[in-house]
Amino acid sequence: MILIWPVCCARGGGPSNACETSPTGWSLWLTGGLKYADDKGDFQAGTESDFEPPVIPNAMFPFGTNFLKYLVYHDPNWSYVGYDWDNYTRDSKLVGTTLNATNPDLSEFRKQGGRLLIFTGWTDNGISPLATLGYYEEVIAHDQTASDDVRLFMMPGVDHCFGGAGPSFTNYLGEIDKWVETGNAPEQTAAFWLNEAFQPTGSRLICAYPKVAQYDGKGDTRDVSSFSCVNPD
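Basis of the calculations
Residues numbered from 1 in each chain as written. Predicted model: local features only at pLDDT ≥ 70, side-chain atom pairs only at ≥ 80, totals over all residues. Heavy atoms only, no water. Helix = DSSP H or I, 4+ residues; strand = E, 2+ residues; numbered from the N terminus. Buried < 20%, exposed > 50% of the residue type's maximum accessible area, 1.4 Å probe, protein only. Contact = heavy atoms within 4.5 Å. Areas by Shrake-Rupley, 256 points an atom, 1.4 Å probe, with all protein chains shown as cover. Polar contact = N/O pair within 3.5 Å; in protein donor to acceptor, adjacent residues only side chain to side chain. pLDDT = per-residue confidence, 0-100. Salt bridge = Lys/Arg side-chain N within 4 Å of Asp/Glu carboxyl O. Patch = residues over 30% accessible without salt bridge, like charges linked within 9 Å, V, L, I, M, F, W, Y side chains within 5 Å. Disulfide = S-S within 2.5 Å.

### Some thoughts on the overall build of the protein chain
Part 1 of the reasoning: Looking only at helices and strands, one finds eight helices and nine strands in the protein chain.
Part 2 of the reasoning: Sorting the 233 residues of the protein chain into buried and exposed places 38% on the buried side.
Part 3 of the reasoning: In the protein chain, of all internal contacts separated by at least 6 residues, the share reaching a separation of at least 24 is 55%.
Part 4 of the reasoning: A total of about 13400 Å² of accessible surface is found on the protein chain, and carbon and sulfur atoms cover 55% of it.

### Structural notes on the side chain of Arg151
Part 1 of the reasoning: Within the fold, Arg151 resides in strand β5 (residues 150–155).
Part 2 of the reasoning: Within polar-contact distance, the side chain of Arg151 engages the backbone oxygen of Ser147 at 2.4 Å.
Part 3 of the reasoning: A distance of 2.9 Å separates polar atoms of two side chains, one belonging to Arg151 and the other to Glu187.
Part 4 of the reasoning: With near-sequence residues (within four places) excluded, Arg151 lies in contact with Leu116, Leu117, Ile118, Tyr136, Trp179, Ala185, Pro186, Glu187 and Ala208.

### Quick notes on helix α3 (residues 60–72)
Part 1 of the reasoning: Where α3 is concerned, the buried positions are Phe61, Pro62, Thr65, Asn66, Leu68, Lys69 and Val72.
Part 2 of the reasoning: Remark: His74 follows α3 within two positions and exhibits a positive phi of approximately 50 degrees.

### Comments concerning the confidence of the model for the protein chain
Part 1 of the reasoning: Across the protein chain, the average pLDDT comes to 84, with 81% of residues at 70 or higher.
Part 2 of the reasoning: Within the protein chain, the element-level pLDDT minimum falls on strand β1 (residues 2–6), averaging 47, and the maximum on strand β9 (residues 227–230), averaging 97.

### Looking at the pattern of salt bridges
Part 1 of the reasoning: Inspection of every chain in the model, using the stated rule, returns six salt bridges.
Part 2 of the reasoning: Among the salt bridges present, the one from Lys111 reaches Glu108, with a minimum N-O distance of 3.4 Å. Pair noted here: Lys111 and Glu108 are both in helix α6 (residues 107–111), with a separation of three residues, about one helical turn.
Part 3 of the reasoning: Close ionic contact of Asp143 with Arg110 constitutes a salt bridge, the shortest N to O distance being 3.3 Å. Taken together, the positions of Asp143 in the loop between α7 (129–142) and β5 and Arg110 in helix α6 put the pair 33 residues apart, joining distant regions of the chain.
Part 4 of the reasoning: The exposure class assigned to Asp143 is partly exposed, which follows from its relative accessible area of 25%.
Part 5 of the reasoning: Residue classification places Arg110 among the buried positions, given a relative accessible area of 18%.

### Brief notes about the environment of Leu152
Part 1 of the reasoning: Relative to the helices and strands, Leu152 is located in strand β5.
Part 2 of the reasoning: Apart from residues no more than four positions distant in its own chain, Leu152 is found in contact with Ile118, Thr120, Thr132, Leu133, Tyr136, Cys207, Ala208 and Tyr209.

### Quick notes on unusual backbone geometry
Part 1 of the reasoning: Geometrically, the link from Tyr209 to Pro210 is a cis peptide bond, its omega value of 15 degrees lying close to zero.
Part 2 of the reasoning: We note that His74 has phi near 50 degrees; this positive angle belongs to a residue other than glycine.
Part 3 of the reasoning: Positive phi values are uncommon outside glycine, yet Cys161 reaches one of about 80 degrees.
Part 4 of the reasoning: Structurally, the position occupied by Cys161 is in the loop between β5 and α8 (172–182).

### Here we look at a nonpolar patch on the surface
Part 1 of the reasoning: Taken together, the side chains of Tyr70, Leu71 and Leu99 define a hydrophobic patch exposed on the protein surface, amounting to about 280 Å² of accessible area.
Part 2 of the reasoning: With respect to the element layout, Leu71 can be found in helix α3.
Part 3 of the reasoning: Judged by relative accessible area, which is 41%, Leu71 ranks as partly exposed.

### Some points on the state of the cysteines
Part 1 of the reasoning: A full pass over the atoms with the stated rule returns one disulfide.
Part 2 of the reasoning: A disulfide bridge connects Cys207 with Cys229, and the sulfur atoms are separated by 2.1 Å. An S-S torsion of about -90 degrees defines the bridge between Cys207 and Cys229 as left-handed. Placement of the pair is Cys207 in strand β7 (residues 200–207) and Cys229 in strand β9, with a sequence separation of 22 residues. Of the two residues, Cys207 and Cys229, neither departs from the other in class, the shared state being buried.

In structure tokens:
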């Protein structure tokens, strides 16, 4: 059993203000400006808003309200107006047993030969990259041997799954195929910037957590060969 888990998060060697200016960063997810119109694209297809056109507050609004309407309360007419949020933890407990990926015990998955490859962008504004990091660390703390079957790649400069200042395309399927065929877990791989024709226009090295990519100080900064994976200071 193989699982590639695209948690998708943030920017730079760690979180930075680059996510504030990225078109798919704060302006999309947090601060607003998402058009409520026909040009909203597939990303917002089917979403609704209690706000009048031409804008909805941000991408978090339709995701959050529709989650509550259809998965928690099963009521398309549910509204947050006047809702007592002290009840939310209780109300969402049932759906959480299915959706919450918080159990650090992966022993049954691993017994079946499962390998888990997690990646997340350092500038994701849809979810927190620190939450992904926290889960990975809980998995390892629960069972140190889980590090044999679980890998986490943090992607500097990458927004929610893709986009952002960093290179967001990586052949994770190829990496996990090699993992299965050779038994050797991936320790590093290349991430690529793509042009409008989806062709590579530069690359960087990404490293299995907790290692980070270190620049050699002289090579092309858009060439994976100019970097090496090192333990952080």
